[in-house]
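Notes for the structure review
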Protein chains: 2
Amino acid sequence: MRIYAFEHGDGKNKKLLGGKGAGLCEMTRLDLPVPLGFVITTEVCLEYYEHGKKLPLGLMDEVKRNILGIEKKTGKKFGGAENPLLVSVRSGAAMSMPGMMDTILNLGLNEATLKGVIEQTKNERFAWDSYRRFVQLFSEIAMGAQEESFSKKFAEIKGKYSAHLDTDLDAKALKEITEDFKKICKHETGKDFPDEPFEQLETAISAVFESWMGKRAVDYRKYNKITPEMANGTAVNIQTMVFGNMGNDSATGVAFTRDPSSGENIFFGEYLTNAQGEDVVAGIRTPKPIVEMENEFPETYKELCEVRKKLECHYKEVQDFEFTMEKGILWVLQTRNGKMTASSRLKTSIDMLNEALLTKKEAILRIDPAQIEQLLHKQIDPQANAKSVAKGLAASPGAATGKVVFSADEAEELGEKGEIIILVREETKPDDIHGFISAQGVLTSKGGKTSHAAVVARSMGKPCVSGCNAIKIDDRKKIFKVDDKIIKELETITIDGTSGEVFIGKVPLIEPEITEDFKQVLKWADEIRILEVRANADSPNDAKIARDFGAEGIGLCRTERMFNDVERLPIFQKMILSDSDEERKSAIEKLMPLQKKDFMEIFEVMNGLPVTIRLLDPPLHEFLPSIEQLMNDINELKERGENIKEKKNVLRKVKTLYEVNPMLGHRGVRLGITIPDLYDMQVYAIIEAACEVKKKNIDVKTEIMVPQVSISNELKFVKKRVDLIAHEVFKKHKQKIDYKFGTMMEVVRGCLTAEQLAEFAEFFSFGTNDLTQGTFSFSREDAENKFLPKYMEEVILKNNPFETLDIDGVGRLMQIAIKDGKKRRPDLKIGICGEHGGDPASVRFCSKIGLNYVSCSGYRVPVARLAAAQEVAQKQ
Amino acid sequence: MRIYAFEHGDGKNKKLLGGKGAGLCEMTRLDLPVPLGFVITTEVCLEYYEHGKKLPLGLMDEVKRNILGIEKKTGKKFGGAENPLLVSVRSGAAMSMPGMMDTILNLGLNEATLKGVIEQTKNERFAWDSYRRFVQLFSEIAMGAQEESFSKKFAEIKGKYSAHLDTDLDAKALKEITEDFKKICKHETGKDFPDEPFEQLETAISAVFESWMGKRAVDYRKYNKITPEMANGTAVNIQTMVFGNMGNDSATGVAFTRDPSSGENIFFGEYLTNAQGEDVVAGIRTPKPIVEMENEFPETYKELCEVRKKLECHYKEVQDFEFTMEKGILWVLQTRNGKMTASSRLKTSIDMLNEALLTKKEAILRIDPAQIEQLLHKQIDPQANAKSVAKGLAASPGAATGKVVFSADEAEELGEKGEIIILVREETKPDDIHGFISAQGVLTSKGGKTSHAAVVARSMGKPCVSGCNAIKIDDRKKIFKVDDKIIKELETITIDGTSGEVFIGKVPLIEPEITEDFKQVLKWADEIRILEVRANADSPNDAKIARDFGAEGIGLCRTERMFNDVERLPIFQKMILSDSDEERKSAIEKLMPLQKKDFMEIFEVMNGLPVTIRLLDPPLHEFLPSIEQLMNDINELKERGENIKEKKNVLRKVKTLYEVNPMLGHRGVRLGITIPDLYDMQVYAIIEAACEVKKKNIDVKTEIMVPQVSISNELKFVKKRVDLIAHEVFKKHKQKIDYKFGTMMEVVRGCLTAEQLAEFAEFFSFGTNDLTQGTFSFSREDAENKFLPKYMEEVILKNNPFETLDIDGVGRLMQIAIKDGKKRRPDLKIGICGEHGGDPASVRFCSKIGLNYVSCSGYRVPVARLAAAQEVAQKQ
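Just so it is clear, the structure is predicted and the values come from calculations on it, not from any experiment.

Conventions we followed
- Residues numbered from 1 in each chain as written.
- Chains lettered and ligands numbered in written order.
- Predicted model: local features only at pLDDT ≥ 70, side-chain atom pairs only at ≥ 80, totals over all residues.
- Heavy atoms only, no water.
- Helix = DSSP H or I, 4+ residues; strand = E, 2+ residues; numbered from the N terminus.
- Buried < 20%, exposed > 50% of the residue type's maximum accessible area, 1.4 Å probe, protein only.
- Areas by Shrake-Rupley, 256 points an atom, 1.4 Å probe, with all protein chains shown as cover.
- Pairing = 2+ DSSP bridges.
- Axes fitted to C-alpha atoms, helices over the stretch in contact; angles between N-to-C directions.
- Contact = heavy atoms within 4.5 Å.
- Core = buried A, V, L, I, M, F, W, Y, C linked by side-chain atoms within 4.5 Å.
- Expected span 1.5 Å × (residues − 1).
- Phe/Tyr/Trp six-rings, centres within 6.5 Å; stacked < 30°, edge-to-face > 60°.
- Lys NZ or Arg CZ within 6 Å of the ring centre and 35° of its normal.
- Parallel < 35°, antiparallel > 145°, perpendicular 65-115°, else oblique.
- Left-handed = near helix turned anticlockwise from the far one by under 90°.
- Nonpolar A, V, L, I, M, F, W, Y, C, P; charged D, E, K, R; others polar.
- Least-squares fit on C-alpha atoms with pLDDT ≥ 70 in both.
- Salt bridge = Lys/Arg side-chain N within 4 Å of Asp/Glu carboxyl O.
- Buried area = accessible area lost by both parts, 1.4 Å probe.
- Polar contact = N/O pair within 3.5 Å; in protein donor to acceptor, adjacent residues only side chain to side chain.
- pLDDT = per-residue confidence, 0-100.

1. A word on the overall build of chain A
Summing up its helical and strand segments, chain A has 35 helices and 33 strands in all. Along the first, second and third principal axes, the C-alpha atoms of chain A reach 105 × 65 × 55 Å. Going through the 876 residues of chain A one by one, you find that 58% of them count as buried. Entry remark: accessible area of chain A is about 36,400 Å², with carbon and sulfur atoms responsible for 49%.

Rendered as structure tokens:
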């Protein structure tokens, strides 16, 4: 079937009928007052392109049969002079898609049918105005004429009749304009303006199909990653015209079944008496609130309330619908799901559940976890309509306003004075950490979403825009440039880490809130979900935040973060730079009590919940300055005639540690094996901390995790030492604690040899950041800066695999590892602690493949809780 | 069973009986004259350690029963004064393992049994000499006394009796020494020297077991990667002593069933009349060639020839055996497979096949492919006994002698003058390529086995030692230091790329040869193998060499190598540095004819055989100088007051291209997608070259291969352009050629999504170098320099996975890809072109899992041909 009359189309089949068409069919079947019409399917659009942009043979015959059907039911006649049938023609794909053809109204008008309209409306001016609009719109949209010539002509005639406003023109003038417009059409397109209604219709249908491959539509699909599976071709909706401008017993309006911004269960909308849809848009007259209809048109209002109820009951979703009243008769012209704010979505879910409109599962499933994440961070006020000056990567969500500073030291200094600041740097390093603490947000001109700045900001829940190439920083002058603007130190900027945008000056922000509604929905989610949700937390403070957000444990505590502390970094650097074993051991020993203290505090905060601690992961050179920086420092010292010996020494060491591909280098368990003292110290600190807090009646559940494991013998090596140290500490403290030993699964080979690893590991925790890098052979930073944008543009990848788990590659590896690991150890506990642990789609996948837990940034714990519940709700 | 008498042991079970014990059992069963004895199994050794280093209860009772058995058969008595039974005690694990306990001879001697010996030998001096040797050896080996005290005492007594030589001492003096030795034993070990023969025996057995975990043995196993599966515990062999020094009707000797150095089928060996084994080793008397026995002891010689024949017929391998004639009676004491040179192994295989001793498959299986690779390169003459001054990585096999030069330009200059040179550099870069061409070999102080120097040298078949940290190069002074030696420019050195060693001065070399024997064996291999063997070749010359070595096609032609040519690199660099699209396109166009010319020549050389051409792979910054180098250059120019603008510009661009992890960066197909012009140009050059040579009646079989593919859409993108270009070129030339389109499988995700890839790829070629890096998350260079040595030492890995394919990880991925790829495309052609393609164990694995071909360096083609045949031979 190429064409479905509204009363025959399947309202569930958006793919075939487009969203608009499906809605019209569905409403027709619900016995709502929908003007008669029909849909030409999206498949015809594909046929159109297959046949070299030609309408399929016989299509117009079918169209004619359908028009005939309408004529029979309405008594109107398409092209008839007495009771003419006019139609609208609209595009409509499976997904809403700006850039396709606009609506053509009043199709069927010509000099003959115009008479019928005048007859019916008794309004010659209205009729001619409709006609001249139709001629212009049709010439432009369906025939490709330029808008300019029409507006020039229009102005000319207005001048001729000394008309100030369009409404000053009378029917005669409008008739003149219409005739001139037809000439323009001929001149511009080389074709006569078609008078024959079916010729008009055929041209309009082709034009809708043409617009599917128009540049704007194609770009839109590319940008929004709309694939053929999601929407392939557009449908064409042809519908009997109804008029809201037929007098004071006519009106037009839009309505929401509930208030879309508050979510309150009140009828919400606007209408204009004696007007057409475009008048509402034009904004010349101010529409009235929908409730006023109750007084003005009580009968119609009652009908409208029925429509509202029917739509919500049927769709189980807030609807956004359009209506027209023609001479007292109500018509519904379109319906779709209402767009809502995050908080209104929560509110409506709760209300609709209380109204027994939704089950708990349905109530949960209609909330977009990504949208509610907004509620957890400050946001730019959408009302502010602020214009950004640059866009970088959305590296850590939330917005912040503050004064620009260019160094961590200044940030700290000003921060202590109570200044609100944004740290702006080319890139950040571990020794900038005190700057992060003092700043409200961080902006960098280099580095991707895994750059130091991005990762640290996310873990602290501070907004960050990274890799914003458009800003050029001059550290010495203490300014940055963007285009031709210069921003000086202490000037105020605003950054939006959710969108990556940068604004000059202060932009109004909306405060985050975990409302009662939010809590209620999360409570339901917790009842349903199977997956445990833990948080990544590296400090006692992180742990506290995470617990407040409902984390059921810590899935990843990165011990190296503890070395970045201002007072600890020098000791750690000394350890790295030491030339003798003794020097190194002495530095390591100094670090032990510091780490122990952190662990004790974390254990106390997490009393009763598991805490997974990962042993040192990054390569040692990450804790030292770069070769380039040292070379620059040495040159500067030289120029100033100062001593360069010490710097040269550091440079020598940094060169020894230099790695071609640090991501694949001397790090993680590889360090644990080549410098066993380091892991020994960490393990000692963990076990001793646990023993000590246990004496304070804290319920400690510690899990020791080894990073970068690719070979079971690596685990064997470390486990042997861990067990020995534990034994020693237990003896010393006369106190035993339970601890688990496990491994990160972040190396491909680890997944492929999971059965061997499970001999030593009691738990697996997928480190999907690194695993994604290894699986794709993509270095995240390099990929996001260099080629991933092009990959997204060409739709070579649908999603950024560092944001949403790649199911075919990384997901398959995970499934192999789960299956094989459980073969060796059926009670193996398996989780994920990569950043995907906070991405809703990825969380759902983790729940589906049977993981025990996800662990994500504390701020994303609520998102993960909801997503985990959705996966369960979905499959039942 | 803990103990097997030689007549009962299973001579095939080396694991249980050790190599020596199994040989003795087997020979006993073959009715060869083996002195009676028995083996204590390796399992007893494990029991010994499980029971805290104690012999299992009842073991000595079993030993006694076995001794009793020997006594019954020989009429001798262990500890008897009349016809005393003396035994030897020897260790023997499943694999030969230096560092374990030496042989103890004459065990059972004490003052009582000594009388019996004197009685039998009528030689008091001999008896006492044997006794004092036994006391010393037993004290040292079995009881842990220090050698020093014994030799001091021995010298003291010699002084006392004014004896110059040991032989000047008479029986009396030797008796005195023996008694003093016993005192030393008591003094050193705190224990009396045991007189009781069974106490001696028990102590000796324990000592053998102790030696299994001795430092030297443990180190040896670690170093040679001998795992418990290969050898677990040592056996103890206890055997009746026989004496070759009982007069002129006695003798001792060693023999090979064939000449081990030439492989000729002649009886080879030496003997000494009236001597013990250790006399042969001591070298005081010159042994006689074995053939002389025919005159001296014709009967025994005849017997010996029988032994020779029996051993070879049985073992189907050249045997290296020991014998003793005691009073005219022949005894065989040990046999093992003979160690042979590569050429003698080839010769014996051919001879033994002709003698119908071996089948063709057996003849092939006994040749070690790694060993015959020696024949393809110059080698250091082992007779030269040269001592190396430093050891780096064995980066490209073969040895070379030449004069040291420190720059590629000088290498070229001197090379043109006919000088024989070795290029010595910290590391090499693409613009050193002309230096490689002129040099005999390359020595670098930095970089691993995949450094530029190593890879280029291998592909050229030139010796290379890389990463030789011990040498310190001073480019300005034109010297390098190693320890305290200084080597100046133009001094002569020798490098051995097979071992990684560096020698000062000229060392005699042996020339490579592909002998007739070698050709014959390869011919057999070709008859048997299923796997096709191709070569990696980047130039017409490489291709020619490969074809001469029997390559059946080119499996990998790296197009980027062509850009490294002196005249091309500047154009390529210009392309990279260009600021506008036009500049870039113009540079690309200049490269096209150059690439085409190369392709045409390669197609001509490979007439009739397939040529797989890989599109550009490395990241662009590899073709430019490093940031560090540019910064140094700029500083130098500044100091000299010269213009730095141009260098600064290059630095700016290099910084833009800079990648954190270039291995995982903007390279391969990612470049092909972001800069499509580049791939277009290469494809154009390939197809046009093919069309042009086809007109010359050359049979072209070209295969276009895309590197670094991880997503099927990448292939889709490139394939579309390839097909379009081909279509265009065909039209232009009015000529069609067949070409195949395929993909490297070098990214993990590629393997995991092979089914999707096979939609577009007609062939897969595993790039196991990169695949290994991705699978392990090991950057080869970083791993080999930083932690892999420790991993090998701790036996965390048995093999370097970059040399021998990792079956559990990489191999599993390959099997997944093969299975899934063939699901989508059953006639998919699959090969491997990583360096593993030339490693025998890896080639066998490739043959086993059903690959169609391997492709390796031209010089390794013969090795791969043989290894491929062995896999087939093995499984039948």
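Next comes the rest of the write-up.
2. Thoughts on the sheet that holds strand β5 (residues 234-240) of chain B
Residue and element names in this part refer to chain B. Here five strands make up an open sheet; going across it, the order is β1-β2-β5-β3-β4 and the pairing antiparallel. The strands lining the two open edges of the sheet, one partner per strand, are β1 (3-5) and β4 (104-107). Adjacent strand axes in the sheet meet at a mean angle of 20°, parallel and antiparallel pairs treated alike. Across two bridges, strand β3 (residues 87-93) lies against β4 in antiparallel orientation. Looking at the pairing, Val89 lines up with Ile104 of β4. Packing of helix α3 (residues 59-74) onto the sheet brings it into contact with β1, β2 (37-40) and β5, and relative to β2 it is tilted by some 160°.

3. Comments concerning the nonpolar core
Side chains that are nonpolar tend, in soluble globular proteins, to be buried together. Core analysis: the largest hydrophobic core is formed by 285 residues, its most contacted members being Phe766 and Met814 of chain A together with Phe766 and Met814 of chain B. For Met814 of chain B, the contacting residues outside a window of four places in its chain are Phe766, Thr768, Leu771, Leu805, Ile832, Phe845, Cys846, Ile849 and Leu851 of chain B.

4. What to know about helix α3 (residues 59-74) of chain A
Since the α-helix advances by 3.6 residues per turn, residues separated by three or four positions end up pointing in the same direction. In this model α3 of chain A runs 23 Å from its N-terminal to its C-terminal C-alpha over 16 residues, within 8% of the 22 Å that 1.5 Å per residue would give. Phi for Gly75 of chain A, located one or two positions after α3 of chain A, is positive at around 75°.

5. Digging into the packing of aromatic side chains
The final tally for this structure, using the stated rule, is 46 aromatic pairs over all chains. For the pair Phe572 of chain B and Phe623 of chain B, a centre-to-centre distance of 4.4 Å together with 55° between the ring planes defines the contact as tilted. Of this pair, Phe572 of chain B sits in helix α21 (residues 569-577) while Phe623 of chain B sits in the loop between β26 (610-614) and α23 (627-639), placing them 51 residues apart in sequence. Classification of Phe572 of chain B as buried rests on a relative accessible area of 0%. Given the relative accessible area of 5%, Phe623 of chain B is considered buried. Taken together through their ring pairs, the aromatic side chains of Phe267, Tyr301, Phe321 and Phe323 of chain A make up a single cluster. Here Lys64 of chain B stacks its cationic end above the ring of Phe198 of chain B, 5.2 Å away from the centre of that ring.

6. Things to note about the packing of helix α6 (residues 147-160) of chain B against helix α7 (residues 171-189) of chain B
Residue and element names in this part refer to chain B. In contact at an axis separation of 10 Å, α6 and α7 are set at 150° when each is read in the N-to-C sense. As judged from the angle between their axes, α6 and α7 are roughly antiparallel. In the crossing of α6 with α7, the sense of the turn from one axis to the other is right-handed. Residues Ser149, Phe150, Lys153, Phe154, Ile157 and Lys160 of α6 form the contact with α7, whose own contacting residues are Ala173, Glu176, Ile177, Asp180, Phe181, Ile184 and Glu188. Residue composition of the contact of α6 with α7, grouped by class: seven nonpolar, one polar and five charged.

7. Re the side chain of Thr42 of chain A
Residues and elements named next belong to chain A. As for its position among the elements, Thr42 is in helix α2 (residues 42-50). What makes Thr42 buried here is its relative accessible area of 3%. Other than its neighbours up to four places away in sequence, Thr42 contacts Lys15, Leu16, Gly18, Asn232, Gly233, Thr234 and Ala235.

8. As for the pairing of β3 of chain B
A large share of β3 of chain B lies buried, amounting to seven of its seven residues. Burial along β3 of chain B is two-sided: the face carrying Val87, Val89, Ser91 and Ala93 of chain B and the face carrying Ser88, Arg90 and Gly92 of chain B are both buried.

9. What to know about the relation of the copies chain B and chain A
Superposing chain B onto chain A takes a rotation of 180° plus a shift of 0.0 Å along the axis, which leaves an RMSD of 0.2 Å. In symmetry terms, the pair is related by a two-fold rotation axis. Relative to the rotation axis, the closest C-alpha in chain B is found at Asn661 of chain B, a distance of 2.2 Å. Of all interface residues in chain B, 100% are interface residues in chain A too; the two copies therefore contact each other through one and the same surface.

10. Side note on the pattern of salt bridges
A full pass over the atoms with the stated rule returns 138 salt bridges over all chains. A salt bridge links Lys732 of chain A to Glu688 of chain A, with the nearest nitrogen and oxygen atoms 2.7 Å apart. Of this pair, Lys732 of chain A sits in helix α27 (residues 712-733) while Glu688 of chain A sits in helix α26 (residues 676-695), and the two are 44 residues apart along the sequence. Note that Lys823 of chain B is salt-bridged to Glu755 of chain B, the shortest N-O span being 4.0 Å. A residue pair is termed long-range when its members are at least 10 positions apart, and Lys823 of chain B in helix α33 (residues 807-824) and Glu755 of chain B in helix α29 (residues 754-757) qualify at 68 residues. With a relative accessible area of 52%, Lys823 of chain B lands in the exposed category. The exposure class of Glu755 of chain B is partly exposed, given its relative accessible area of 36%. Several salt bridges converge on common partners, so that one network encompasses Glu560, Arg614, Asp617, Arg667 and Asp770 of chain A.

11. A word on the interface of chain B and chain A
Note: interface size is frequently given as the accessible area lost on complex formation between the parts. The partner chain A presents 56 residues to the 56 residues of chain B that form the contact. Between chain B and chain A, roughly 5,100 Å² of surface is buried when both sides are summed, and carbon and sulfur atoms account for 58% of that area. Counting the contacts that link chain B with chain A gives six salt bridges. Inspection of the region where chain B meets chain A yields 35 residue pairs in polar contact (both at pLDDT 80 or more). Its residues placed into classes, the side of chain B that touches chain A shows 24 nonpolar, 17 polar and 15 charged.

12. Let's talk about the sheet that holds strand β2 (residues 37-40) of chain A
Residues and elements named next belong to chain A. Strand order in the open sheet formed by five strands is β1-β2-β7-β5-β6, and the pairing between neighbours is antiparallel. Sheet topology places β1 (3-5) and β6 (104-107) at the edges, where each strand pairs with a single neighbour. Ignoring strand direction, the axes of neighbouring strands in this sheet form an average angle of 25°. With seven bridges connecting them, strand β5 (residues 87-93) and strand β7 (residues 234-240) associate as antiparallel partners.

13. Things to note about the packing of helix α13 (residues 342-354) of chain B against helix α19 (residues 516-528) of chain B
All names here are of chain B. It is the contact of α13 with α19, at a shortest axis distance of 9 Å, that shows an interaxial angle of 60°. The crossing of α13 and α19 is left-handed. Of the residues in α19, those in contact with Leu346, Lys347, Ser349, Ile350 and Leu353 of α13 are Asp517, Phe518, Gln520, Val521 and Trp524. Its residues placed into classes, the contact of α13 with α19 shows six nonpolar, two polar and two charged.

14. Describing α27 of chain A
For α27 of chain A, which comprises 22 residues, the first-to-last C-alpha distance of 31 Å matches the rise-based estimate of 32 Å (1.5 Å per residue) to within 8%. All of the buried residues in α27 of chain A are Ser712, Glu714, Leu715, Phe717, Val718, Val722, Ile725, Ala726, Val729, Phe730 and His733 of chain A.

15. Overview of the confidence of the model for chain A
Of all residues in chain A, 99% attain a pLDDT of 70 or more, and the chain-wide mean is 92. Scoring of the predicted complex yields 0.84 for pTM and 0.83 for ipTM.

16. What to know about unusual backbone geometry
In most cases, non-glycine residues show a negative phi, while peptide bonds are predominantly trans. All names here are of chain B. Look at Lys327: it is not a glycine, yet its phi comes out positive at around 50°. One can find Lys327 in the loop between β9 (319-326) and β10 (329-337). Overall, the relative accessible area of 42% leaves Lys327 in the partly exposed class. Not every positive phi belongs to a glycine, and Leu490 is a case in point at roughly 75°. Tracing the backbone shows Leu490 in the loop between β20 (485-488) and β21 (492-496). Judged by its relative accessible area of 40%, Leu490 falls in the partly exposed class.

17. Some points on the environment of Gly809 of chain A
Tracing the sequence through the fold places Gly809 of chain A in helix α33 (residues 807-824). Residue classification places Gly809 of chain A among the buried positions, given a relative accessible area of 0%. It is 37 Å that separates the C-alpha atoms of Gly809 of chain A and Glu210 of chain A, two residues lying 599 residues apart in sequence. With residues up to four places along the chain from it excluded, the contact list for Gly809 of chain A reads Thr775 of chain A together with Arg749 and Leu752 of chain B.

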